[in-house]
Amino acid sequence: MPLVRDARLAVGLLRKAVATRGARRDLHRALAARGPLPENAFRIAVYFADGAVNMYQMRQWYAPLRELARTWPVVVISRTIRGSDALLKDGELPVAFAPTVRDVERVLDEQDIRLVFYVNQNTRNFQMFRYGRRWHVFINHGESDKMYMTTNQFKAYDYAFVAGDAARARLSRALWDYDLDRRTFSIGRPQADHAVGEAPFADDERTVVLYAPTWEGDRPSAHYGSVRTHGEALVAALLATGRHRVVYRPHPRSGVVDPEYGAANARIIAALAAANRADPSAQHVHDTSPALGWQLRSADLAVLDISAMVYDRLAFAAPLLITRPSDPEAEVDEAGYLSACEWLDADSSGDIVAETDRVLRDPEAVARLRHWVQHYFGDTAPGASTARFHAAVAELMRRWDTWHAREGDRASRHS
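Residues numbered from 1 in each chain as written. Predicted model: local features only at pLDDT ≥ 70, side-chain atom pairs only at ≥ 80, totals over all residues. Heavy atoms only, no water.

Per an unreviewed UniProt entry, the chain carries the name Membrane protein and comes from Microbacterium testaceum.

Below, the discussion takes up the pairing of strand S11 (residues 301–304). Judged by which residues are buried, S11 turns out to be covered on both faces: Leu 301 and Val 303 on one side and Ala 302 and Leu 304 on the other are all buried. Relative to S11, strand S8 (residues 207–212) runs parallel, the two sharing four bridges. Its bridge partner being in S11, Ala 212 is matched across the sheet by Leu 304. The pairing of S11 with strand S12 (residues 320–323) spans three bridges and is parallel. Residue Val 303 lies in a different strand from S12, and its bridge partner there is Leu 321. At this point the chain moves from S11, through helix H12 (residues 308–314), to the parallel S12, and the crossover so formed is right-handed. (Buried < 20%, exposed > 50% of the residue type's maximum accessible area, 1.4 Å probe, protein only. Helix = DSSP H or I, 4+ residues; strand = E, 2+ residues; numbered from the N terminus. Pairing = 2+ DSSP bridges. Right-handed = clockwise from strand over helix to strand, strands pointing away.)

In strand S6 (residues 159–162), alternate side chains face the same way, and those of Tyr 159 and Phe 161 on one face and Ala 160 and Val 162 on the other are all buried. Pairing of S6 with strand S7 (residues 184–186) involves three bridges; the strand directions are parallel. By the bridge assignment for S7, Ala 160 is matched with Thr 184.

This part covers the domain arrangement of the chain. Parsing the chain into structural domains produces domain 1 (36–188 + 379–414) and domain 2 (207–377). Once you take the C-alpha centre of each, domain 1 and domain 2 turn out to be 30 Å apart. Residue-level contacts link 21 residues of domain 1 with 24 residues of domain 2. Carbon and sulfur atoms make up 58% of the area that domain 1 and domain 2 hide from each other, which totals about 1800 Å². At the junction of domain 1 with domain 2, the criterion picks out five residue pairs in polar contact (both at pLDDT 80 or more). Of all elements in the fold, only helix H2 (55–59) and helix H7 (165–174) reach the threshold of two or more residues within the side of domain 1 that touches domain 2. (Domains from an automatic or database assignment. Contact = heavy atoms within 4.5 Å. Buried area = accessible area lost by both parts, 1.4 Å probe. Polar contact = N/O pair within 3.5 Å; in protein donor to acceptor, adjacent residues only side chain to side chain.)

If you trace the seven strands from one edge of the open sheet to the other, you get S3-S2-S1-S4-S5-S6-S7, paired in parallel fashion. Strands at the two margins of the open sheet, each flanked by one partner only, are strand S3 (95–97) and S7. When the angles between neighbouring strand axes are averaged without regard to direction, this sheet yields 25°. Relative to S3, strand S2 (residues 74–78) runs parallel, the two being bridged by three bridges. In the strand pairing of S3, Ser 78 is matched with Phe 97. (Axes fitted to C-alpha atoms, helices over the stretch in contact; angles between N-to-C directions.)

This model, assessed by the stated rule, comprises 29 salt bridges. The residue Arg 106 makes a salt bridge to Glu 110 at a minimum N-O spacing of 3.7 Å. Separated by four residues within a single helix, Arg 106 and Glu 110 lie in helix H5 (residues 101–110), roughly one turn from each other. Residue classification places Glu 110 among the partly exposed residues on the basis of a relative accessible area of 26%. (Salt bridge = Lys/Arg side-chain N within 4 Å of Asp/Glu carboxyl O.)

This part takes up the packing of helix H9 (residues 227–239) against helix H10 (residues 259–278). The interhelical angle for the contact between H9 and H10, taken along N-to-C directions, is 5°, at an axis separation of 9 Å. In terms of orientation, H9 lies roughly parallel with respect to H10. Counted together, Val 227, Arg 228, Gly 231, Glu 232, Val 235 and Leu 239 of H9 and Glu 260, Tyr 261, Ala 264, Asn 265, Arg 267, Ile 268, Ala 271, Leu 272 and Ala 275 of H10 form the full contact between these two elements. Its residues assigned to classes, the contact of H9 with H10 comprises nine nonpolar, two polar and four charged. (Parallel < 35°, antiparallel > 145°, perpendicular 65-115°, else oblique. Nonpolar A, V, L, I, M, F, W, Y, C, P; charged D, E, K, R; others polar.)

Under the definition given, this model contains two cavities of 30 Å³ or more. Looking at the largest cavity, its volume works out to about 180 Å³. If you trace the largest cavity, you find 19 residues lining it, with Ile 139, Gly 142, Phe 161, Val 162 and Ala 163 closest to the centre. Elements with a minimum of two residues in the lining of the largest cavity: S6 and H7. (1 Å grid on protein atoms, 1.4 Å probe; cavity = no way out; pocket = protein on both sides within 12 Å on 5 of 7 lines; lining within 4 Å. Points joined across faces, edges and corners; volume = space filled by probe spheres on them.)

This paragraph deals with H10. Here H10 contains 20 residues, and its C-alpha end-to-end distance of 29 Å stays within 8% of the 28 Å for a straight helix at 1.5 Å per residue. Along H10, the residues that are buried comprise Tyr 261, Gly 262, Ala 264, Asn 265, Ile 268, Leu 272 and Ala 275. One side of H10 carries all its buried residues, which in axial view fall inside an arc of 165°. Within H10, the exposed residues directed more than 90 degrees away from the buried face are Pro 259, Arg 277 and Ala 278. On its buried face, H10 sits against S8, H9, strand S9 (244–248) and strand S10 (285–286). Of the residues that open H10, the one with a side-chain oxygen 2.9 Å from the backbone nitrogen of Glu 260 is Asp 258. (Expected span 1.5 Å × (residues − 1). Arc of directions from axis to C-beta.)

Spatial strand order, S10-S9-S8-S11-S12-S13: six strands in an open sheet with parallel pairing. A strand with exactly one partner marks an edge of an open sheet, and here the two such strands are S10 and strand S13 (343–344). H10 rests against S8, S9 and S10 of the sheet, and its axis sits at about 140° to S9. Lying on the sheet, helix H13 (residues 352–361) is in contact with S8, S9, S11, S12 and S13; it crosses S12 at an angle near 135°.

Another aspect to go through is unusual backbone geometry. If you check the backbone angles, Asn 40 has positive phi at about 55° while not being a glycine. Residue position: Asn 40 is located in the loop between helix H1 (2–34) and strand S1 (44–48).

Note on placement: Ala 317 falls in the loop between H12 and S12. C-alpha separation for the pair Ala 317 and Val 366, spaced 49 residues apart in sequence, amounts to 9.5 Å. Ignoring any residue separated from it by four or fewer positions in sequence, one finds Ala 317 in contact with Leu 369 and Val 373.

Following this line, the structure appears as structure tokens:
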């Protein structure tokens, strides 16, 4: 077994090296073809120090940032080869490739960056914090009740944009001496105003069930993934009815840590393909598209693990079931929505059809959902969250002007 693991590791490292070499070549060609970015063109930067594997964290912000850029031009400062290559290929936002600290400083010298957004807690964010005279703002890559959402790292940023009352309550319980009123802005979920894409199937009599599990996690406290424990049984039950359509959207990191998790994922994908061959009208979907929008909007019910996807779905005020982690060491914060959500235990996965019918038709379940949507996101009317996002940015720009003017006054007094 050790030899097998070593061989797998060696193959994985070789594949990674080959992929990085190809990305480096593509990146330099794209940068040469594009030419240098115009100087003094951008006021907001998104700092992204990750590679391609975490591009989902950036992609969910593309649409809100493109709209924001109409008022405040936005550039992505990207630190890695594969991340920058992916960003350039997506072509959604201007990209400044800055692999070294000197490159970061060059970007800041060339651009009048007043706000820096961060979508995750990469340790290399610390390299960017050294630069003052601009606001460092944590916007995160989703809303959830994971332990990630209460980390003391929030204090490293000047400000944080959070979803709503639930996030504020969560932070107030976890953080000491943190001025929530001064340092956080509740913006809801702007992504819900930009539900991109169209469903690849016609609207018919079938009940559409989105199953979007998270990955297996890298430690027991984060073992939220359900593919091995719930997934195969629930997908098999739904495929058997002839009246359901499954949209399966596994996490892009599925199987990275646990090969058995990856194998279960592969079996689900194969089952969907077999069901479509047997009945082409079923139009079950294995979804690997980078953009998230139509999946949440089109599904009658979503079956989700504890992850940011739960709250993405809540932002659409639409029914969902949440898989209960089978690992007793998985940390579950039941102080918020998870205290009253619709749970799906592993033992009940084969009864998914009955559970689906119950959640869609039970008036009490509908009322509970409405309450928690308001608690987490506030007003979810179309455009309301985007308006709050833009208002928060405008307020920070106003504060930047105030501090910039004070600095100018100090300089003139001492000249």
